[in-house]
Protein chains: 2
Amino acid sequence: MPKQVDHRERRESIARALWRIVDQQGWARATMREVAREAGVSLGQLQHYFVSRAEMLTFAMEHAAEQTSDRVEQHLDSLDQPPHPREVLRVVLTELLPLQPDARATSRMNAAYVLEAMHDPTLQRQIGIGLRDGRAMIESLIRQAMEHGQIPPDRDPKIETDLILALTGFATLLELNVVEPQEALAAIDQHLDRLFRAES
Amino acid sequence: MPKQVDHRERRESIARALWRIVDQQGWARATMREVAREAGVSLGQLQHYFVSRAEMLTFAMEHAAEQTSDRVEQHLDSLDQPPHPREVLRVVLTELLPLQPDARATSRMNAAYVLEAMHDPTLQRQIGIGLRDGRAMIESLIRQAMEHGQIPPDRDPKIETDLILALTGFATLLELNVVEPQEALAAIDQHLDRLFRAES
């Protein structure tokens, strides 16, 4: 196996070990030592792949973001082509929320990373770039749907984008079993129905 | 000072020391030792007031919830009486979000507590009770507004309640400076305007 690929694969396998710990035991247990144990490598080997905890966390988050966008793409590929913008938004929201085990692991990882980023400017810059990219992507989707008459023209695309982003607030409510998955989905559908109201 | 009052006050002062650490340095630094130092007591004294870290966290969260509902009440008292249900929901949402220093400290404390609660059944039960109470309170407010014709009768009160709760998702977006305070407030106002659309 080429060295470059092996390095990448080993980093991904370490990132997944970190997710498993965060998912099953919680953030407090995710020390470098514990991640090395879970990944089946020595602490020295782990430090060869990641010079610092911050670097490991950032890589693990980027890997989680890639996995989420892979799931979104696969999900979109399974729909009638081209998918309706309402369906695209629904798929993005449902894949971001902890509604199934894969998404739960990345969602928990995300919650932990956000908390860490509040006090770490480097992590905050990193997560900020990802979130602003996501916000721009949703806004462009909404503007296109408005141009195609799928969303009423009196809507403010920036405000509608932020209201979609805020729906990721269901993540916490789902994690704490305050809201059931079918309740979160019903609310998301209601919100999207209203956004795309002009049609039909 | 009566012993009972002193005990309560000392616990509150320790809880506020914990908030300051979480707000300024982050959750990872909030050890029993660090909280004792910040509160100006010995570790032994701290353990006299809280037998475990979980007990300290739970008390600190309850105290934060009380402070938040005090702020909500003060804010509501400053409005025309009786306040319109739209205003009540707006005040609740804005006081829950990190839009000013007091709310920011309790909001960060909340994020940390949620993360901890994902892997601690006792904390999860505790926070679940609070959130379900909040959910029931909002639902009853929405049902009353529907009875008074302030919200269109075709709305589903349970779904509308969950959509209001989900708007607390702005907390993360505000903390990470992805959404500006005035953008979050504009989106909340837009959502509430639509909910109370039938009126005017």
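Residues numbered from 1 in each chain as written. Chains lettered and ligands numbered in written order. Predicted model: local features only at pLDDT ≥ 70, side-chain atom pairs only at ≥ 80, totals over all residues. Heavy atoms only, no water.

On to the overall build of chain A. Secondary structure assignment for chain A yields 10 helices and zero strands. When the helices and strands of chain A are placed in sequence order, the string is α-α-α-α-α-α-α-α-α-α. On the principal axes, the C-alpha backbone points of chain A span a range of 60 × 40 × 35 Å. Every one of the 200 residues in chain A was classed for burial, and the buried ones make up 50%. The contacts of chain A with a sequence gap of at least 6 include a subset with a gap of at least 24, amounting to 62%. Looking at chain A as shown, the accessible area adds up to about 9600 Å², and 50% of this sits on carbon and sulfur atoms. Side-chain charges in chain A split into 23 positive and 31 negative, and the spacing between the mean points of these groups amounts to 6 Å. (Helix = DSSP H or I, 4+ residues; strand = E, 2+ residues; numbered from the N terminus. Buried < 20%, exposed > 50% of the residue type's maximum accessible area, 1.4 Å probe, protein only. Contact = heavy atoms within 4.5 Å. Areas by Shrake-Rupley, 256 points an atom, 1.4 Å probe, with all protein chains shown as cover. Lys, Arg positive; Asp, Glu negative; His and termini not counted. Charge placed at Lys NZ, Arg CZ, Asp CG, Glu CD.)

In this section: unusual backbone geometry. A cis amide bond links Gln81 of chain A with the next residue in sequence, Pro82 of chain A, at an omega value of -15°. The phi torsion at Asn177 of chain A lies on the positive side, around 55°, for a residue other than glycine.

Taken as a whole, helix 2 (residues 32-39) of chain A has its buried residues at Met32, Glu34, Val35, Ala36 and Ala39 of chain A. Note on helix 2 of chain A: the residue one or two positions beyond its end, Gly40 of chain A, has a positive phi of about 70°.

So, on to the confidence of the model for chain A. As a note on interpretation, predicted positions should not be read in detail where pLDDT is low. Confidence along chain A averages 89 in pLDDT terms, with 96% of residues attaining 70 or more. Averaged pLDDT values for the elements of chain A fall to 84 in helix 6 (residues 101-117) of chain A and rise to 97 in helix 8 (residues 157-166) of chain A. (pLDDT = per-residue confidence, 0-100.)

What follows deals with the packing of aromatic side chains. Considering all chains together, one arrives at two aromatic pairs over all chains under this definition. With a centroid separation of 5.5 Å and 50° between ring planes, the pair formed by Phe50 of chain B and Phe59 of chain B is classed as tilted. You'll find Phe50 of chain B and Phe59 of chain B in the same group, each marked buried. The side chain of Arg11 of chain A reaches across the aromatic face of Phe59 of chain A, ending 4.6 Å from its centre. (Phe/Tyr/Trp six-rings, centres within 6.5 Å; stacked < 30°, edge-to-face > 60°. Lys NZ or Arg CZ within 6 Å of the ring centre and 35° of its normal.)

The next thing to look at is the interface of chain A and chain B. Facing the 44 residues of chain A at the interface are 44 residues of chain B. The contact between chain A and chain B buries some 3800 Å² in all, and 68% of this surface belongs to carbon and sulfur atoms. Contact with chain B buries surface across chain A, with His119, Leu176 and Arg194 of chain A losing the most and accounting together for 17% of the total. Taken together, the connections running from chain A to chain B amount to four salt bridges. Here Glu160 of chain B ties to Arg194 of chain A by a salt bridge, and the two come within 2.4 Å at their closest N and O atoms. Across the chain A-chain B interface, the total number found is 18 residue pairs in polar contact (both at pLDDT 80 or more). Of the residues assigned to the side of chain A that touches chain B, the class counts are 22 nonpolar, 11 polar and 11 charged. (Buried area = accessible area lost by both parts, 1.4 Å probe. Salt bridge = Lys/Arg side-chain N within 4 Å of Asp/Glu carboxyl O. Polar contact = N/O pair within 3.5 Å; in protein donor to acceptor, adjacent residues only side chain to side chain. Nonpolar A, V, L, I, M, F, W, Y, C, P; charged D, E, K, R; others polar.)

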